[in-house]
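The lines below spell out each chain.
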Amino acid sequence: MRLLVPGNKRRYWGNVNRALHQHLEAEVPRLLADLLGLEPGRLRVEPCPRQGRRGAVAVDSIISAGDFAFVMASKARGEVASVAMAARAARAFVEAQRRKALPLVVVPFMGDAGRDLCAEAGVSWLDLSGNANLVAPGLRVRVEGRPNLFRRPGRPRSVFAPRSARVARWLLMEPDHAMTQREIARAAGLDEGFTSRIVRHLEEQALVARDAGGAVRAADPGALLAAWREAYDFTKHHVTRGHVAARSGEAVLRQLCGRLRTLGVDHAATGLAAASWIRPFAGFRLVVLYVSRMPTREDLAAMGFHEEPRGENVWLVVPNDEGVLHGASDHDGIRCVHPVQAYLDLKQHPERSAEAAEVLRKSLFGPGHA
């Protein structure tokens, strides 16, 4: 279905969101009945009064389906921040009521980051596009691969474009510290007007919150990081792949960092090499280094670096924004990106990157965050 957007976009999308929310409430019992192999008439829906500011901490209903009861928290949009709020609301309701019920998040379409967040929170979910993951003792229903039936027209406004993401970076580097917009702008090297627009868009997605004085902080650092990771694409950087002969990944890393310091090239390790250096994790073969500029061919040859797309053990990366080096620091003589950046980059790296990313995430915010 193609949607034609009139001039007043905010009012229009508000109406669309309300219509989607009503559609969610009407469709979920039918979808649950189908997933559980029950007749729709066997499901009983007990509406719950919506409470809290803008319904942010509310649940919609309790749905009894056969031997199971689901506490449903629905959102008209599937962004990570919305999923995180719904998951918290459903879990809090179940815990407060001490009911033997399953928290259930429902959205029009559940993206990868939302699925990971629900898995981490131990919350079941389903979407109106036909995907679902329902897990409980005696219950396991999983449906994947169905396309998004509610894609909005036009290009989405991204707060995680390379330069825009500097705002999220500083909020995540200082998750326990509220910053004024002026402080963020100065730290990130942005003008205040641009910073204000990005903060406003983050507020609209419930990814940041303000204190009484107007300073902002990440409303849920784990959700903000997950939303950024969902949008992040390492391949947008300029990557030169090659090989350096050495006994180990550590030897390659020390050799290259030493030469880059001599050349006066600002640099920082990322990916598995950085993760292993910041939080001892495991050995690594591939060395990934951000460089502020690519060394000359002569300098690369002196470093022992030879371009080799097959069997490469080094990636030299010129970033698409200098913000990737913000927060970089030395660890035992090796300059590494901030753990937030290393976590993002591990998304598209080989070897044991997924395990290393999980170690970094828990070290940043603790196991309770997504």
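You'll find the structure just up there.
So, a few notes on the structure that sits alongside this text.

**Re the overall build of the protein**
A count of helices and strands for the protein gives 12 helices and 16 strands. Here the protein holds 370 residues, and the buried ones make up 49% of them. Long-range contacts, defined here as pairs at least 24 residues apart, represent 64% of the contacts in the protein between residues at least 6 apart. With the model as given, the accessible surface of the protein reaches about 18,600 Å², and the carbon-plus-sulfur share is 48%.

**Some words on the sheet that holds strand S5 (residues 124-127)**
Spatially, S1-S2-S3-S4-S5-S6-S7 is the arrangement adopted by the 7 strands of the open sheet, whose pairing is mixed. The open sheet terminates on both sides in strands that have one partner only, identified here as strand S1 (43-47) and strand S7 (139-143). Pairs of neighbouring strands in the sheet enclose a mean axial angle of 25°, with direction left out of account. For strand S3 (residues 68-74) and strand S4 (residues 102-107), the ladder comprises 5 bridges, and the chain directions are parallel. Bridge pairing in S4 links Met 72 to Leu 104. Packing against the sheet, helix H2 (residues 80-97) makes contact with strand S2 (61-65), S3 and S4, and its axis sits at approximately 155° to S4.

**Quick notes on the pattern of salt bridges**
For the structure shown, the criterion picks out 15 salt bridges. With a closest N to O distance of 3.0 Å, Arg 182 and Glu 192 form a salt bridge. Here the residue Arg 182 occupies a position in helix H5 (residues 181-188), and Glu 192 occupies one in helix H6 (residues 192-204), the gap between them amounting to 10 residues. Residue class for Arg 182 comes out partly exposed when judged on its relative accessible area of 46%. Linked through salt bridges whose partners overlap, the residues forming this network are Glu 120, Glu 358, Arg 361 and Lys 362.

**Structural notes on the packing of aromatic side chains**
By the definition in use, this model includes 2 aromatic pairs. Taken together, a centroid distance of 6.1 Å and an interplanar angle of 10° make the contact between Phe 160 and Trp 228 stacked. Here Phe 160, found in the loop between S7 and helix H4 (165-173), pairs with Trp 228, found in helix H7 (residues 221-231); they are 68 residues apart in sequence, far enough to count as distant.

**With respect to the pairing of strand S12 (residues 287-291)**
Of all 5 residues in S12, 5 are buried; the element is thus mostly enclosed. Burial along S12 is two-sided: Val 287, Leu 289 and Val 291 and Val 288 and Tyr 290, pointing in opposite directions, are all buried. With 4 bridges joining them, strand S11 (residues 267-270) and S12 adopt antiparallel strand pairing. Note on S12: the bridge partner recorded for His 267 is Val 291.

**Details of H5**
For the α-helix, the turn length of 3.6 residues means that residues three or four positions removed from each other point alike. For H5, the complete set of buried residues consists of Ile 184, Ala 185 and Ala 188. Angular distribution of buried residues about the axis of H5 spans 100°; they occupy a single face of the element. The elements touched by buried residues of H5 are H4, H6 and strand S9 (216-218). Gly 189 sits one or two positions beyond H5 and adopts a positive phi of about 70°.

Rules and cut-offs
- Residues numbered from 1 in each chain as written.
- Predicted model: local features only at pLDDT ≥ 70, side-chain atom pairs only at ≥ 80, totals over all residues.
- Heavy atoms only, no water.
- Helix = DSSP H or I, 4+ residues; strand = E, 2+ residues; numbered from the N terminus.
- Buried < 20%, exposed > 50% of the residue type's maximum accessible area, 1.4 Å probe, protein only.
- Contact = heavy atoms within 4.5 Å.
- Areas by Shrake-Rupley, 256 points an atom, 1.4 Å probe, with all protein chains shown as cover.
- Pairing = 2+ DSSP bridges.
- Axes fitted to C-alpha atoms, helices over the stretch in contact; angles between N-to-C directions.
- Salt bridge = Lys/Arg side-chain N within 4 Å of Asp/Glu carboxyl O.
- Phe/Tyr/Trp six-rings, centres within 6.5 Å; stacked < 30°, edge-to-face > 60°.
- Arc of directions from axis to C-beta.

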